[in-house]
Amino acid sequence: MATRVRVGDAAITGLVDRQHKLSPEWHYPDVPAADWEPYREMLSDEAMALLNFRAFLVRADGKTILIDTGWGPKHAPPGAAASPARLPQEMAEVDATMDDVDVVVFTHLHADHVGWNLTYGEDEAAAPSPNFRNARYLVPADDWAHYNNIEQMHPNIREQALPLGDLDVLDTFEGEHLVSPSLQALPTPGHSPGHSSFVLSSGGERCFVLGDLAHHPIIAAETHWVHRFDFDPERARAQRERVLGELDDTDTLVAAGHFPQPGFGRFVRVDGRREWRPIEI
Ligand SMILES: [Zn+2]
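Report follows, based on the coordinates.

The rules behind each value
- Residues numbered from 1 in each chain as written.
- Predicted model: local features only at pLDDT ≥ 70, side-chain atom pairs only at ≥ 80, totals over all residues.
- Heavy atoms only, no water.
- Helix = DSSP H or I, 4+ residues; strand = E, 2+ residues; numbered from the N terminus.
- Rg over C-alpha atoms; globule rule 2.2 N^0.38 Å.
- Buried < 20%, exposed > 50% of the residue type's maximum accessible area, 1.4 Å probe, protein only.
- Contact = heavy atoms within 4.5 Å.
- Areas by Shrake-Rupley, 256 points an atom, 1.4 Å probe, with all protein chains shown as cover.
- Lys, Arg positive; Asp, Glu negative; His and termini not counted.
- Charge placed at Lys NZ, Arg CZ, Asp CG, Glu CD.
- Phe/Tyr/Trp six-rings, centres within 6.5 Å; stacked < 30°, edge-to-face > 60°.
- Pairing = 2+ DSSP bridges.
- Axes fitted to C-alpha atoms, helices over the stretch in contact; angles between N-to-C directions.
- Core = buried A, V, L, I, M, F, W, Y, C linked by side-chain atoms within 4.5 Å.
- Donors = N, O, S within 2.8 Å, 3.2 Å for Na, K, Ca; no water.
- Tetrahedral: all angles 85-135°; square planar, octahedral: opposite > 155°, others 65-115°.

1. Describing the overall build of the protein chain
Point 1. Counting secondary structure elements, the protein chain contains six helices and 16 strands.
Point 2. For 281 residues, the compact-globule estimate of 2.2 N^0.38 gives 19 Å, and the protein chain sits close to it at 18 Å.
Point 3. With the C-alpha coordinates of the protein chain rotated into their principal frame, the extents come out at 55 × 45 × 35 Å.
Point 4. Looking at the protein chain as a whole, 55% of its 281 residues qualify as buried.
Point 5. Contacts in the protein chain between residues far apart in sequence, at least 24 positions, make up 68% of those at least 6 positions apart.
Point 6. For the protein chain, the accessible surface area stands at approximately 12200 Å², while carbon and sulfur atoms represent 48% of it.
Point 7. In the protein chain, 24 side chains carry a positive charge and 44 a negative one; their mean positions are 3 Å apart.

Below, the structure written as structure tokens:
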């Protein structure tokens, strides 16, 4: 299912770790059922929202960079049974191994974005080891501070993100951080305190990695809908409206980790209304 797209001299591949179906109302609990009616045909036969959980593999500047690491093998999304976690197999489809990864960078530290970071041995008291053993792990500083200062969190964050801090493999970043000459982080806080998007630029082409600014193509037109996990709803909405407004009717390719396959497309205006137009593979 891996989908590879060229961006100038670079390449970006969408890797589907898991998929599942969940009621749309669960995602957007404050949105009245009637507001979903115009979109019923965009949902599945069971009127469920099919969500993908993707990581993106970037090859640029002679480096292999992984953006997010999916749910991983241990924890799965709530709702209908999820497909098995398959990030390593997806990487193999584009001839990449975990050992090839030079940098793992995160849009944010939610449970569905950190799952393949660490492996625990038989001795549970022993430190886990990084699965991407040749990589540095780059984490938004505001997410790192947030999750190190709260008690309640999904176990995947506690098990797969926080222990990185004890393993001498982690750096935090702030603001418009250059991950690599062709890959820049852009702060888009709201969904989480340090939520970041990324722009891959090469040879005059651009790809914008959305992160969780939007979870479903319906949000193209409904940017004011608040997602269940928007940490700061007002800030999340403001970032969503700003970024999608900037991407409207441009050549910039958009990589949307939770959208249906292929997960790449563009935001276009049709009769004044914004739509998601997937690329044709
Ligand atoms: Zn997510």
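Structure shown, so let's carry the discussion forward.
2. Description of the packing of aromatic side chains
A ring pair, where both rings are aromatic, is described by two values, the distance of the centres and the angle of the planes.
Point 1. All told, the structure shown has eleven aromatic pairs when counted by the stated rule.
Point 2. Aromatic side chains tyrosine 39 and tryptophan 225 sit 6.1 Å apart centroid to centroid with 85° between the ring planes, which places their arrangement in the edge-to-face category. With a gap of 186 residues between them, tyrosine 39 in the loop between α2 (33-36) and β3 (49-60) and tryptophan 225 in the loop between β13 (205-209) and α6 (233-247) connect regions that are remote in the sequence. Each member of the pair, tyrosine 39 as well as tryptophan 225, is classed as buried.
Point 3. A centroid spacing of 6.4 Å and a plane angle of 55° characterise the contact between phenylalanine 173 and phenylalanine 198, whose relative ring orientation is tilted. Taken together, the residues span a long stretch of sequence, with phenylalanine 173 in strand β9 (residues 170-173) and phenylalanine 198 in strand β12 (residues 196-202) at a distance of 25 residues. Each member of the pair, phenylalanine 173 as well as phenylalanine 198, is classed as buried.
Point 4. Pairwise contacts between aromatic rings join Tyr28, Trp36, Tyr39 and Trp225 into one cluster.

3. Digging into unusual backbone geometry
Trans is the common state for peptide bonds, and a negative phi is the common state for residues other than glycine.
Point 1. Following glutamine 261, the chain continues to proline 262 via a peptide bond in cis, the omega torsion being 5°.
Point 2. Its location among the elements puts proline 262 in the loop between β14 (253-255) and β15 (264-270).
Point 3. Of note in this structure, aspartate 95 is not a glycine but carries a positive phi near 55°.
Point 4. Here aspartate 95 shows up in the loop between α3 (87-93) and β5 (103-105).
Point 5. Look at aspartate 271: it is not a glycine, yet its phi comes out positive at around 50°.
Point 6. Mapping aspartate 271 onto the fold places it in the loop between β15 and β16 (273-278).

4. Notes on the sheet that holds strand β10 (residues 178-180)
Point 1. The strand order across the open sheet built from seven strands is β10-β11-β12-β13-β14-β15-β16, with neighbouring strands paired in mixed fashion. This sheet does not close on itself; its edge strands, each paired only once, are β10 and β16. When strand polarity is set aside, the average angle formed by the axes of neighbouring strands in this sheet is 30°.
Point 2. Across two bridges, the pairing between β10 and strand β11 (residues 183-187) is antiparallel. Opposite leucine 178, over in β11, you have glutamine 184 as the bridge partner.

5. Notes on the nonpolar core
Point 1. If you look at the biggest cluster of nonpolar residues, it comprises 34 residues, and the most contacted ones within it are Leu57, Leu66, Leu87, Met91, Val101, Leu109 and Phe132.
Point 2. Within the residue set of this core, elements represented by two or more residues are β3, α3, β8 (136-140) and α4 (141-147).
Point 3. At four residues, β3 tops the list of elements feeding residues into this core.
Point 4. If you look at the next biggest cluster of nonpolar residues, it comprises 24 residues, including Ile67, Val103, Cys207 and Val209.

6. Side note on the environment of leucine 178
Point 1. Position of leucine 178 among the secondary structure elements: in strand β10.
Point 2. Taking the C-alpha atoms as reference points, leucine 178 and glycine 204, 26 residues apart in sequence, are found 17 Å from one another.

7. Here's the deal with the coordination of the zinc ion
Point 1. Distances from the zinc ion to its protein donors, Asp112 (OD), His113 (NE2), Asp212 (OD) and His258 (NE2), fall within 2.1 to 2.2 Å.
Point 2. Each of the four donor atoms around the zinc ion contributes to a set of angles spanning 92 to 165°, which defines the coordination as irregular.
Point 3. Here the donor residues of the zinc ion are spaced in sequence according to D-H-x98-D-x45-H. Of the two residues, aspartate 112 sits in the loop between β5 and β6 (118-119) while aspartate 212 sits in the loop between β13 and α6, which places them 100 residues apart along the sequence. This pair shows no difference in class: aspartate 112 is buried, exactly as aspartate 212 is.

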